[in-house]
Amino acid sequence: MNKQKTIALFGATGATGNEFLKLALKQNYSVKALVRTPEKLKITDENLTIIKGDLSDEKAISKVVENADNIVCMVSSLKSPQKDLMFHFIKLLHSIMLKNKVTKLTYMAGALCYAPNKPKSLRVALMRNTLGKITRVETSIADHDKAMHYIHQRMLPDNLEVFVTLPGGLGLTVGESKKELKVYEKTVLKSSRFIDVASFTLQNMNNSTFFGKYLYVA
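In this text, all values refer to a predicted model and were calculated from it rather than measured experimentally. (Residues numbered from 1 in each chain as written. Predicted model: local features only at pLDDT ≥ 70, side-chain atom pairs only at ≥ 80, totals over all residues. Heavy atoms only, no water.)

## Some points on the nonpolar core
And step 1. Phe10 and Leu93 are the most contacted members of the largest nonpolar core, which has 46 residues in total.
And step 2. Considering every element that reaches this core, the biggest residue donor is helix H3 (residues 85-100), with nine residues.
And step 3. Those residues within four positions of Leu93 in sequence are excluded, and the remaining contacts are Phe10, Ile61, Val65, Ile71 and Leu105.
And step 4. Of all hydrophobic cores here, the second largest spans 28 residues; its members include Ile7, Leu21, Leu25 and Val217. (Core = buried A, V, L, I, M, F, W, Y, C linked by side-chain atoms within 4.5 Å. Buried < 20%, exposed > 50% of the residue type's maximum accessible area, 1.4 Å probe, protein only. Helix = DSSP H or I, 4+ residues; strand = E, 2+ residues; numbered from the N terminus. Contact = heavy atoms within 4.5 Å.)

## Quick notes on the environment of Leu48
And step 1. You can see Leu48 is positioned in strand E3 (residues 48-52).
And step 2. For the pair Leu48 and Ile7, spaced 41 residues apart in sequence, the C-alpha separation works out to 9.8 Å.
And step 3. Setting aside chain neighbours within four positions, we find Leu48 in contact with Leu21, Leu25, Val31, Ala33, Leu41 and Ile43.

## A few points about H3
And step 1. Between its first and last C-alpha atoms H3 spans 22 Å; for 16 residues at 1.5 Å apiece the expected length is 22 Å, and the two agree.
And step 2. Of the surrounding elements, those touching the buried residues of H3 are strand E1 (6-10), helix H2 (58-65), strand E4 (70-73), strand E5 (104-108) and helix H5 (138-155).
And step 3. At the C-terminal side of H3, Lys101 shows a positive phi close to 55°. (Expected span 1.5 Å × (residues − 1).)

This is the structure:
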């Protein structure tokens, strides 16, 4: 009998993370989720363990990561008053992964981020400088940029099996599954469903051909 796999999930109360959680539980994964306000998570399941804490709580993060087979990060820092929230989190997570010998991480950023190993698009730069500032998401996008550069420069050289998804060129929307997402070489100006991003992540979190890559998905 196959051993039940455990996922350490960050961002379970967000729109994409919540869809991911439901899919993972449906497929009989054991999930440990870090949640700052447990009352916000309306899902209960015998395979779900909720650990209260935030992204700066080393002890709580360690409990989530301990004995996990995969780590999935789907945190949105859009409303966070803390500068560089994801950058500081990924640095802390790095050390915890090494200590616990957990190697697999899937990190969700966004389509308007600058992937470390790809040329910067003038179209994306224009959208960041206009739409990004109007909607006040530029700070969050820049935070994900810094987190990705840390992954590229510090985590990948440690032989950690990390890949980053960059969905939502025209945003993410609610609704039932619409399609199976594809991988593109650059930002695609299409909207996607939260559930489809979640499904792509669950299906591919062990896909070794993606490790070390930054995937524009739509």
